[in-house]
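Structural overview
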Amino acid sequence: QQRATELAKANEALRGCLDTLASVPELDEFLGQVTAAITGQLGAVSSTLRLCNVEKNILSLEFVFQDGRVMSPVEARYPEAWHSWPLDDRRFNNCFDQPVTVQRVDDPQETIPEDKRAYLLALGVKTVLVIPLISRGQAVGRLTFRFTDARDFDPEELEIARALATQASLAIQLTRLAKAARQSAVLEER
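Quick caveat: nothing in here was measured; it's all calculated off a predicted structure.

So, how was this worked out
Residues numbered from 1 in each chain as written. Predicted model: local features only at pLDDT ≥ 70, side-chain atom pairs only at ≥ 80, totals over all residues. Heavy atoms only, no water. Phe/Tyr/Trp six-rings, centres within 6.5 Å; stacked < 30°, edge-to-face > 60°. Buried < 20%, exposed > 50% of the residue type's maximum accessible area, 1.4 Å probe, protein only. Lys NZ or Arg CZ within 6 Å of the ring centre and 35° of its normal. Core = buried A, V, L, I, M, F, W, Y, C linked by side-chain atoms within 4.5 Å. Helix = DSSP H or I, 4+ residues; strand = E, 2+ residues; numbered from the N terminus. Contact = heavy atoms within 4.5 Å. Polar contact = N/O pair within 3.5 Å; in protein donor to acceptor, adjacent residues only side chain to side chain. Salt bridge = Lys/Arg side-chain N within 4 Å of Asp/Glu carboxyl O. pLDDT = per-residue confidence, 0-100. Pairing = 2+ DSSP bridges.

**With respect to the packing of aromatic side chains**
- In this structure the tally under the stated criterion is four aromatic pairs.
- Aromatic pair Tyr78 and Trp82: ring centres 6.3 Å apart, planes at 75°, arrangement edge-to-face. Accessibility assignment for this pair places Tyr78 and Trp82 in one class, buried.
- An aromatic cluster of at least three residues, connected via ring pairs, comprises Tyr78, Trp82 and Tyr119.
- It is Arg50 that lies over the ring of Trp85; its NZ or CZ is 3.6 Å from the centre.
- Against the face of Trp82 rests Lys116, its NZ or CZ located 5.9 Å from the ring centre.

**Considerations on the nonpolar core**
- Ile38, Leu129, Leu133 and Phe145 are the most contacted members of the largest nonpolar core, which has 26 residues in total.
- When contributions to this core are tallied by element, the ones reaching two or more residues are α2 (27–42), β1 (46–53), β6 (127–135), β7 (138–147) and α5 (155–189).
- With eight residues, the single largest contributor to this core is α5.
- Beyond its immediate chain neighbours, meaning those up to four positions away, Leu129 contacts Leu42, Val100, Thr101, Val102, Leu143, Thr144, Phe145, Phe147, Phe153 and Leu158.
- By size, the runner-up hydrophobic cluster in this structure holds 16 residues, among which are Leu59, Leu61, Val64 and Leu120.

**Considering the environment of Val70**
- Relative to the assigned elements, Val70 resides in strand β3 (residues 69–71).
- Judged by its relative accessible area of 36%, Val70 is partly exposed.
- Along the backbone, Val70 and Ser46 are 24 residues apart, and their C-alpha atoms lie at a distance of 9.8 Å.
- What Val70 contacts, discounting residues up to four positions off in sequence, is Gly32, Phe63, Val64 and Phe65.

**Details of the environment of Asn53**
- Looking at the element boundaries, Asn53 is found in strand β1.
- Expressed as a C-alpha distance, the spacing of Asn53 and Val140, which sit 87 residues apart in the sequence, is 8.1 Å.
- In this structure Asn53 touches Ile58 and Leu87, once residues within four positions along its chain are discounted.
- Of note is the side chain of Asn53, whose polar atom sits 3.0 Å from the backbone nitrogen of Lys56.

**Re the pattern of salt bridges**
- Across all of its chains, the model carries five salt bridges by this definition.
- Among the ionic pairs, Arg104 bridges to Asp152, the shortest N-O distance being 2.7 Å. Here Asp152 lies in the loop between β7 and α5 and Arg104 lies in strand β5 (residues 101–104), a separation of 48 residues in the sequence.
- Given a relative accessible area of 24%, Arg104 falls into the partly exposed group.
- In this structure Asp152 comes out as exposed when scored by relative accessible area, which is 62%.
- Across the pair Glu159 and Arg162 runs a salt bridge whose closest N-O atoms are separated by 2.6 Å. Here Glu159 and its partner Arg162 are both found in helix α5, three residues apart, which amounts to about one turn of the helix.
- Residue classification places Glu159 among the partly exposed residues on the basis of a relative accessible area of 45%.

**Points about the confidence of the model for the chain**
- Residue-level pLDDT values for the chain average 80, and 81% of them are 70 or greater.
- When the elements of the chain are averaged for pLDDT, helix α3 (residues 90–93) gives the smallest value, 60, and helix α4 (residues 114–122) the largest, 91.

**Side note on the pairing of strand β2 (residues 58–66)**
- Across the nine residues of β2, seven count as buried, placing the element largely inside the fold.
- Bridging between β1 and β2 involves eight bridges; their strand directions are antiparallel. Across the sheet, Cys52 pairs through a bridge with Leu59, a residue of β2.
- Hairpin remark: β1 followed by β2, antiparallel, with four residues in the connecting loop; positive phi at Asn57, about 60°.
- Sheet analysis places β2 next to strand β4 (residues 84–86), joined by three bridges and oriented antiparallel. Paired with Leu59 across the strands is Trp85, a residue of β4.
- Judged from the three bridges that link them, β2 and β3 form a sheet pairing that is antiparallel. Counted as the bridge partner of Gln66 is Arg69 from β3.

Right under this line is the structure:
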């Protein structure tokens, strides 16, 4: 019965995100709602969304979800030095090689830079879950979820989180394609 309840909750989250995608015109609002759904589904205390900017060769922090709402990095008091990272910096971006990455913040073997580890520990974060956003075989960004307890994740939990992340990846790709089409139409008209 508990499994059925969890599946019903996950189904509701997926349906809600699809309904939102169909009705919300702005990508940021949709991504905020997807992030909120995954954060709630997993029981995380906060989450972040980073998007790849290939032209600038960076992974930029788009927003932070905490205290039940989407915030800008500045509003969430996220350290400015971490607002963007070079795409080729393996210390931060090795998560694209795996479907999910679970990091134990207090484990010295984890490849977390010491200043970031200290920041997370000061917030009470013990576990970080990173889900890459992949579209058509290419990285488009990543979602990161923070937990104040030492968490293990059921395969079903991770599958639901990946399904929601796939929706976010598709929305990002569709938005980028629409933007490229608009730019192409303007150039063609000129």
